[in-house]
Amino acid sequence: MSSDDDEEVWIPLREREEWKDVEPIPQDDGPNPVVPIAYTSQFREVMDYFRAVVARDERSARALNLTGEVIALNPGNYTVWHFRRLVLESIEGDLDKEMDFIENMAEDNAKNYQIWHHRRWLAEKRGPACMNAELEFTANILSEDGKNYHAWSHRQWVLEKLGGWEKELEFLVQMLQEDVYNNSVWNQRFFVITNSPAIGGLVAAKDSELKFCCDAIRFAPDNESAWRYLGGLFKDDKSALVRSPEVIRVCIEELAKDKISVHALNFLLDLLCRGYRPTADDCRLLDFPSEGLSPEQLARQVCERLEVADSMRRNYWAWRKSLLKKANS
Amino acid sequence: MELRVDKHVEFIKSLEKKKDFDSMVMEHLRMNGAYWGLTALDLMECREDVDDAKVISWLLQCKHDCGGFSGNIGHDPHILYTLSAVQILAIYDRMELLDSDKVASYIASLQQEDGSFAGDQWGEIDTRFSYIALCCLSLLKRLDVINVEKAVDYIASCKNFDGGFGSIPGGESHAGQIFCCVSALAIAGALHHIDKDLLGWWLCERQVKSGGLNGRPEKQPDVCYSWWVLSSLVTLDRVDWIDKEKLKTFILDCQDTEEGGISDRPNDAVDVFHTFFGVAGLSLLDYPGLKRIDAVYALPVDVVKRIFG
């Protein structure tokens, strides 16, 4: 029985020859049901037969099909997925067919934990041979919803356990072309840079990543993810931020284009706190008075601009300002 | 706009009598639903409106020999429902009904070599389960049955370049996962692993123009993040970094003032999950008339005080 019940007329289980020998077991909510609910008759019947099959622990092809019917009606029911796995193991079910089963279900249930876990379990059984299939599967899901958390987690697992690193950056570049603001893609990029055996880690990739990131910022300056990624590249050596001409340049350039760019102002604040001394030209460019301002006074002005430009977070910027008194200029 | 406690209480109580398909397909997570509903009622000081004895008798039927609890009668045990069961009994002050050693050993059995926790025998790993394990064992005063240090190490390994945490090492920072990791580290006395300024800033950046909170950059606001983000900020002692008034307004706008209940965002369908998290968020914002909720244990403060003294 396929899970695609829309096209076929559903035949009640009690009218099916193959189930004649089974006595369905009704829901037992206990003597004083807290939640006595009336089920639709189809749901009730399928569940009654499922309970019967579980009670006798029947591991058979018809049991497998029945779990499919339960899942089609209620994919969130985690117990039926458990039993399906037990059945598959016992009857040594066709795992390729099982992949198809998941494929059919996944598109309409892309945020369902049980489906993803089942897929993982299947992939673990099938091993390295399914690497391409898994990458393709997640790519399909991501083409519908580029931020699907389960898809990205699964993809990370595939890369780590089965491989496929070589093409991942290219995939991510395509995804960013579709949506440069997709935070999941930026996270995945960091994941690849720091884990791929082909890349050699953050230190090795820093220069090329810096260029990539700054280009993205220039393309879309209001991109929270790109600015955070920029900061992330220096996570192990924050003091190096202020020694990076690229970082300073992109920050000043973007601020010159948009004097109240919160991201750029925030970065400038960080740079100033780490000892950056803007030139008189830069100050003019950014509409800051260039004469006689100490770095602390300049940082203070940046905070005050932020308190207005990002007024929702005025308390945060006020706190940043309060730190300036304590820091050495 | 005010919180229509009367309407929301009626909504939650009506869920017990619901006879529709939606309640049917949620029956496997009834234990979670009961925790959301009862805790919300308790925060609104209306818990007595539900028959305790019926809930407890049903709950105990979800207990399995292994020590874990299932989402409903006839389902398999899972760490998710085990926590909800313990939390419900904590609210009722009936934890003596638990075989604490059994529950503790069930949870201990789910800890992996690397310190992470599986959800059940099928092995799904997620930092959500790390929080659940630490929270549950802490409530049972049985943290000694697991390797807390390794649990902490695993959570720390899930810390990202932006200061946040994901479901697994390398997983994207997400407010729900952040709540789990921050709270777990708080329970373990290991908050020093967190860059509070960096994460606090990431968290306060979740607030969007409407005043609502999202869970990740460039995503839509959702009332449930009023809990995940806000409670994390409370634990990190940086809750003033968001605009509380605007958030309060957003949550109140998510109410269905006719039928009761709260939805994920204004004018969407309501459900008990968002009703709980909306009320919990308002409690953290000190909304008048609501009991205070503990940001780490997600239980009323008086319950937590009773357990820990």
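Being a predicted model, the structure only gives us computed values, none of them experimental. (Residues numbered from 1 in each chain as written. Chains lettered and ligands numbered in written order. Predicted model: local features only at pLDDT ≥ 70, side-chain atom pairs only at ≥ 80, totals over all residues. Heavy atoms only, no water.)

**Things to note about the overall build of chain B**
We count it as follows: Counting from the N terminus, the helices are DSSP H or I runs at least four residues long and the strands are E runs at least two residues long. Throughout, radius of gyration means the C-alpha value; the globule benchmark is 2.2 Å times the number of residues raised to the power 0.38. The contact criterion used is simple: two residues touch if any of their non-hydrogen atoms lie within 4.5 Å. In short, Shrake-Rupley with a 1.4 Å probe defines the accessible areas, and a residue's cover is counted only from the protein chains shown.
What chain B contains, in helices and strands, is 14 helices and two strands. Its C-alpha atoms give chain B a radius of gyration of 18 Å, within 12% of the compact-globule value 19 Å for 309 residues. Over its C-alpha atoms, taken along the principal directions, chain B stretches across nearly 50 × 45 × 40 Å. Considering only residue pairs separated by 6 or more positions, chain B has 66% of its internal contacts joining residues 24 or more positions apart. Carbon and sulfur atoms make up 49% of the accessible area of chain B, which amounts to about 10900 Å² in all.

**Comments concerning the overall build of chain A**
Applied cut-off: The sign given to each residue is positive for Lys and Arg and negative for Asp and Glu; His and the chain ends receive no count. Charge coordinates come from a single atom per side chain, which is NZ of Lys, CZ of Arg, CG of Asp or CD of Glu.
Looking only at helices and strands, chain A has 16 helices and zero strands in total. Taken over the C-alpha atoms alone, chain A extends approximately 95 × 50 × 35 Å along its principal axes. Considering only contacts within chain A whose residues lie at least 6 apart along the sequence, 61% involve residues at least 24 apart. When the accessible area of chain A is evaluated, it comes to approximately 15300 Å², of which 49% is carbon and sulfur surface. Computed over 42 positive and 57 negative side-chain charges, the separation of the two mean positions in chain A equals 9 Å.

**Details of the side chain of histidine 174 of chain B**
Definition in use: The rule is simple: take the accessible area with a 1.4 Å probe, protein chains only, and divide by the maximum for that residue type; under 20% is buried, over 50% is exposed, in between is partly exposed. N or O atoms within 3.5 Å of each other form a polar contact, as long as, within protein, one can give a hydrogen and the other can take it, and as long as residues adjacent in sequence are counted only when both atoms are side-chain atoms.
With respect to the helices and strands, the residue histidine 174 of chain B is situated in the loop between helix H8 (148–156) and helix H9 (175–187). By relative accessible area, which is 16% here, histidine 174 of chain B ends up buried. Side-chain polar atoms of histidine 174 of chain B contact the backbone nitrogen of glycine 176 of chain B, separated by 2.9 Å. Within the structure, histidine 174 of chain B has its side chain in polar contact with the side chain of tyrosine 225 of chain B (distance 3.4 Å). Not counting residues within four places of it along the chain, the set of residues in contact with histidine 174 of chain B comprises Tyr149 of chain A together with Phe165, Trp202, Gly215, Arg216 and Tyr225 of chain B.

**Description of the nonpolar core**
To keep it simple, the criterion reads: The term nonpolar core refers to a set of buried residues drawn from Ala, Val, Leu, Ile, Met, Phe, Trp, Tyr and Cys, joined through side-chain atoms within 4.5 Å.
Grouped together as the largest cluster of nonpolar side chains are 218 residues, with contacts concentrated most on Leu230 and Leu268 of chain A together with Tyr131 of chain B. Those residues in contact with leucine 268 of chain A, other than ones at most four positions away along the chain, are Cys251, Ile252, Leu255, Tyr276, Leu286, Phe288 and Val302 of chain A.

**Here's the deal with the interface of chain A and chain B**
Rule in force here: The buried area of a pairing is the accessible area, by a 1.4 Å probe, that goes missing from both parts when the two are put together, added over both. By convention in these notes, a salt bridge is any Lys or Arg side-chain nitrogen within 4 Å of a carboxyl oxygen on Asp or Glu.
The partner chain B presents 59 residues to the 52 residues of chain A that form the contact. Here chain A and chain B share an interface that buries about 5200 Å² over both sides, 56% of which is from carbon and sulfur atoms. When the area that chain A buries against chain B is broken down by residue, the three leading residues are Tyr149, Arg228 and Met312 of chain A, summing to 15%. At the junction of chain A with chain B, the criterion picks out five salt bridges. With its nearest N and O atoms 2.6 Å apart, the salt bridge here joins glutamate 224 of chain A to arginine 206 of chain B. One can count 27 residue pairs in polar contact (both at pLDDT 80 or more) joining chain A with chain B.

**Considering the confidence of the model for chain B**
We apply this condition: Note on scores: pLDDT gives the predictor's confidence for each residue, bounded by 0 and 100.
Here chain B averages 96 in pLDDT, while 98% of its residues score no lower than 70. Reported for the predicted complex are a pTM of 0.94 and an ipTM of 0.95.

**Comments concerning the state of the cysteines**
All names here are of chain A. Quick reminder of the rule: Whenever a pair of cysteine sulfur atoms sits within 2.5 Å, that pair is classed as a disulfide.
Enumeration over the complete set of coordinates arrives at zero disulfides over all chains. Summary of cysteine pairing: cysteine 213 is not part of a disulfide, and the nearest cysteine sulfur, belonging to cysteine 214, is at 5.8 Å. By relative accessible area, which is 0% here, cysteine 213 ends up buried.

**Examining the pattern of salt bridges**
Scanning the model with the defined rule gives 50 salt bridges over all chains in all. A salt bridge links aspartate 281 of chain A to arginine 284 of chain A, with the nearest nitrogen and oxygen atoms 2.7 Å apart. With aspartate 281 of chain A and arginine 284 of chain A both in helix H14 (residues 280–285) and three residues apart, the pair spans about one turn of that helix. Note on aspartate 281 of chain A: relative accessible area 51%, which makes it exposed. A relative accessible area of 52% means that arginine 284 of chain A is categorised as exposed. The residue aspartate 197 of chain B makes a salt bridge to arginine 238 of chain B at a minimum N-O spacing of 2.7 Å. Remark: arginine 238 of chain B occurs in the loop between helix H11 (225–235) and helix H12 (244–253) and aspartate 197 of chain B occurs in helix H10 (residues 196–204); sequence separation between them is 41 residues. Taking the relative accessible area as the measure of exposure, arginine 238 of chain B reaches 18% and is therefore buried.

**What about the packing of aromatic side chains?**
Counted only if it meets this: Each aromatic pair joins two rings of Phe, Tyr and Trp (for Trp, the six-membered one) with centres within 6.5 Å, and gets the label stacked for planes under 30 degrees apart, edge-to-face for over 60, and tilted for any other angle.
Evaluation of the coordinates by the stated rule reveals 27 aromatic pairs over all chains. Centre to centre, the rings of tyrosine 229 of chain A and phenylalanine 161 of chain B are 6.0 Å apart; their planes meet at 80°, and the pair counts as edge-to-face. Taken together, the residues tyrosine 229 of chain A in helix H11 (residues 224–232) and phenylalanine 161 of chain B in the loop between H8 and H9 connect one chain to another. Residues tyrosine 316 of chain A and tryptophan 241 of chain B carry aromatic rings whose centres are separated by 4.7 Å and whose planes lie at 75° to one another, so their mutual orientation is edge-to-face. With tyrosine 316 of chain A in helix H16 (residues 314–326) and tryptophan 241 of chain B in the loop between H11 and H12, the pair connects residues from two separate chains. Assigned by exposure class, tyrosine 316 of chain A and tryptophan 241 of chain B land together as buried. Put simply, the rings of Tyr35, Trp36, Tyr131, Phe179, Trp227, Trp228, Phe273, Phe276 and Phe277 of chain B pair up and form one aromatic cluster.

**Describing H11 of chain A**
The buried fraction of H11 of chain A amounts to eight of the nine residues, a majority that puts the element mostly inside the structure. Among all positions in H11 of chain A, only Glu224, Ser225, Ala226, Trp227, Arg228, Tyr229, Leu230 and Gly232 of chain A are buried. Here the buried face of H11 of chain A lies against helix H9 (183–195), helix H10 (201–219), helix H12 (245–257) and helix H13 (262–273) of chain A together with H10 of chain B. You can read the cap of H11 of chain A off the contacts: a side-chain oxygen lies 3.1 Å from the backbone nitrogen of serine 225 of chain A, and it is on asparagine 223 of chain A.

**Re helix H14 (residues 301–308) of chain B**
Residue and element names in this part refer to chain B. What counts is decided by this rule: This arc is built from the directions going out from the helix axis to the C-beta atoms.
For H14, the set of buried residues is Val303, Val304 and Ile307. Around the axis of H14, the buried residues are gathered within 95° of arc, so they sit on the same side. Residues of H14 that are buried in the fold lie against helix H5 (79–91) and helix H7 (127–139). Glycine 309 sits one or two residues past H14 and shows a positive phi near 75°.

**Looking at the side chain of serine 263 of chain B**
Structurally, serine 263 of chain B can be placed in strand S1 (residues 262–263). In this structure the side chain of serine 263 of chain B is engaged in a polar contact, spanning 2.8 Å, whose partner is the backbone oxygen of arginine 265 of chain B.

**Remarks on the environment of isoleucine 242 of chain B**
Residue and element names in this part refer to chain B. With respect to the helices and strands, the residue isoleucine 242 is situated in the loop between H11 and H12. What makes isoleucine 242 buried here is its relative accessible area of 2%. Spatially, the C-alpha atom of isoleucine 242 lies 38 Å from that of leucine 59, the residues being 183 residues apart in sequence.

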